[in-house]
Amino acid sequence: MKKALIITSALLFSIGTVLAQGNTAYVDQSGDGENYSTVDQIGAGNEADVDQVATDPYEYDNVSDVDQMGNGNDATVDQEGEGNNDATTDQYGNGNVSWTWQYGEDNVVDVDQDGNGNSAKDHQTGDDNLSTTTQDGDGNISHVDQYGGWYGSDDNVSDVDQMGDGNDNFVKQAGDDNNSDVYELGNGNMANTEQYGNDNESDIDQIGNGNMADVEQHGYYIESDVYSDRNGNEADGYQDGWWNDAWTTQIGDGNMSGISQDGNMNDAWTYQYTDGNSSVVVQDGNANDSYVKQHIGDGNTSDVDQEGLHQDSWVHQHGAGNMVEVDQMGGFNDSDIDQLGDGNTAETMQDGLVNYSDVNQWDNGNEAYTNQVGNDNYSLINQSAADRK
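Everything quoted here is computed from the prediction, not taken from an experiment.

As a further point, take the nonpolar core. In summary, soluble globular proteins display a tendency toward joint burial of nonpolar side chains. Val281, Val304, Val315, Val324, Val326 and Ile337 are the most contacted members of the largest nonpolar core, which totals 13 residues. If sequence neighbours within four positions are ignored, Val315 has contacts with Tyr291, Val292, Lys293, Ser302, Val304, Val324, Val326 and Ile337. The next biggest cluster of nonpolar side chains, apart from the first, holds ten residues, and it includes Val144, Val171, Ala213 and Val226.

Turning next to a negative patch on the surface. Residues Asp114, Asp136, Asp138 and Asp165 make up a contiguous surface patch of negative charge. Residue position: Asp136 is located in strand E12 (residues 130-138). Asp136 gets classed as partly exposed once you look at its relative accessible area, which sits at 40%.

Taken together, the side chains of Tyr220, Tyr221, Trp242, Trp243 and Met265 make up a nonpolar region of the molecular surface, amounting to roughly 530 Å² of accessible area. Mapped onto the elements of the fold, Trp242 is located in strand E21 (residues 234-242). Judged by relative accessible area, which is 38%, Trp242 ranks as partly exposed.

Further remarks concern the environment of Asn46. Secondary-structure assignment places Asn46 in the loop between strand E4 (35-44) and strand E5 (47-54). Along the primary structure Asn46 and Thr24 are separated by 22 residues, whereas in three dimensions their C-alpha atoms are 6.2 Å apart. Setting aside residues no more than four positions away along its own chain, Asn46 makes contact with Gly22, Asn23, Thr24, Gln41, Gln68, Gly70, Asn71, Gly72 and Asn73.

As for its placement among the helices and strands, Val50 is situated in strand E5. Note on Val50: relative accessible area 0%, which makes it buried. The spacing of Val50 and Asp351 is 301 residues in sequence and 63 Å in space, taken between C-alpha atoms. Not counting chain neighbours up to four residues away, the residues in contact with Val50 comprise Tyr26, Val27, Asp28, Ser37, Val39, Ser64, Val66 and Val77.

Evaluation of the coordinates by the stated rule reveals nine aromatic pairs. Here Tyr220 and Trp242 contribute two aromatic rings whose centre-to-centre distance is 4.8 Å and whose plane-to-plane angle is 45 degrees, an arrangement assigned as tilted. Of this pair, Tyr220 sits in strand E19 (residues 212-220) while Trp242 sits in strand E21, placing them 22 residues apart in sequence. Aromatic pair Tyr271 and Tyr291: ring centres 5.6 Å apart, planes at 45 degrees, arrangement tilted. With Tyr271 in strand E24 (residues 267-272) and Tyr291 in strand E26 (residues 289-295), this residue pair connects regions lying 20 residues apart in the sequence. Of note, Lys121 hangs over the ring of Trp99, and the distance from its end group to the ring centre comes to 5.3 Å.

About the criteria used
Throughout, a residue's number is its position along its own chain's written sequence, starting from 1. Local features in this predicted model are restricted to residues of pLDDT 70 or higher, and side-chain atom pairs are both shown and tallied only at a pLDDT of 80 or more, whereas totals for entire chains, interfaces and linings draw on every residue. Excluding hydrogens and water, the side-chain figures rest on all heavy atoms present in the structure. Remark: nonpolar core denotes a set of buried residues (Ala, Val, Leu, Ile, Met, Phe, Trp, Tyr, Cys) joined through side-chain atoms within 4.5 Å. Only protein chains enter the accessibility calculation, which uses a 1.4 Å probe. A residue is then buried if its area is under 20% of the maximum for its type, exposed if over 50%, and partly exposed in between. Any pair of residues with heavy atoms lying within 4.5 Å of one another is described as a contacting pair. Each patch is built from salt-bridge-free residues with over 30% relative accessible area, joining like charges within 9 Å and nonpolar side chains (Val, Leu, Ile, Met, Phe, Trp, Tyr) within 5 Å. We get accessible surface area from the Shrake-Rupley algorithm with a probe of 1.4 Å; when it comes to residues, only the shown protein chains can shield them. Think of a salt bridge as a Lys or Arg side-chain nitrogen and an Asp or Glu carboxyl oxygen that are within 4 Å of each other. Lys and Arg are tallied as positive, Asp and Glu as negative. Neither His nor the chain termini are counted. A single reference atom marks each charge: NZ on Lys, CZ on Arg, CG on Asp, CD on Glu. Helix and strand assignments follow DSSP, with helices taken as H or I runs no shorter than four residues and strands as E runs no shorter than two, numbered in order from the N terminus. Planes of paired rings set the category: under 30 degrees apart is stacked, over 60 is edge-to-face and the rest tilted, where pairs are Phe, Tyr or Trp rings (Trp by its six-membered ring) whose centres lie within 6.5 Å. A positively charged side chain is recorded as over a ring if its NZ (Lys) or CZ (Arg) lies within 6 Å of the ring centre. The angle to the ring normal must also be within 35 degrees.

What follows is the structure, given as structure tokens:
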């Protein structure tokens, strides 16, 4: 049975206060354990709905604290399990919505929304999960799911901070000991994080407007780091396996980075420091490494595809309008491309074992094509404008 204001018994304690006309608070608590609920509402048209079930009389308490200040805010808290679940909801402004659902033990959700029209949804099943959401601005959306399997997920952590207007975040973690951190400062940024497995980590930082990051990871001990500063950047990452790492840094406008790694112990680094650059890295196999750096110029393009074992690729583009394509198949191949100038083109293809290609282009408009099939091949190309005079 739902109680609007005060519920008191030997094993059940609840306080609900309505401080302005038209606010509504519903509290429903049951079970063998102890539940505690506090609701404070200031304004008009606010609604709070708290449902708590404690199934173990020997465990700690379920606790819910809802504070709403403004008009038309809506908070829902649903907690069920052996106990010690904790949900805190603070909403200041108008038309904010928060929904918290926890099933298990020792889970914590903390939602703080300051502004208008913000939405936060948290869903956790299992034990010892933690979700913290802070939204400051208008029209921000955050959705966090931490659950998986019949018994849920344990020891996952999600931290979301969105400051600005119209930012959108989605986090899903299924497994144990996963960690997701999302920070968005600006307007119209989007972040999507999905992690399946154990001991994975994702960190997304977006500063500016209209940036987008999408990270999906399957496996164990996988790490992804995305940092975007300024406007209109896009970073996509997909990793499947063990001990894969991907790092993306974008400082500029309109850059695009895509990293896909399938296998074990693969590493990829992408750095973009100007505007309109594009980098795609695909690695399929084990112990492959890719390093891409694009700076001091705009509109550079790099495409690296490596399949096999212990492939290494280095791409350095220092200028504008340069293009690189690297394809390596087999094992223990190495490609090194440096472009210093504008409008240079370099394409390298190696298929076999222990091949090495080194391309150096200075000045503008150089073209280099390397094709090596077999084992133990070596190629060195040096180009500058002076060479063609």
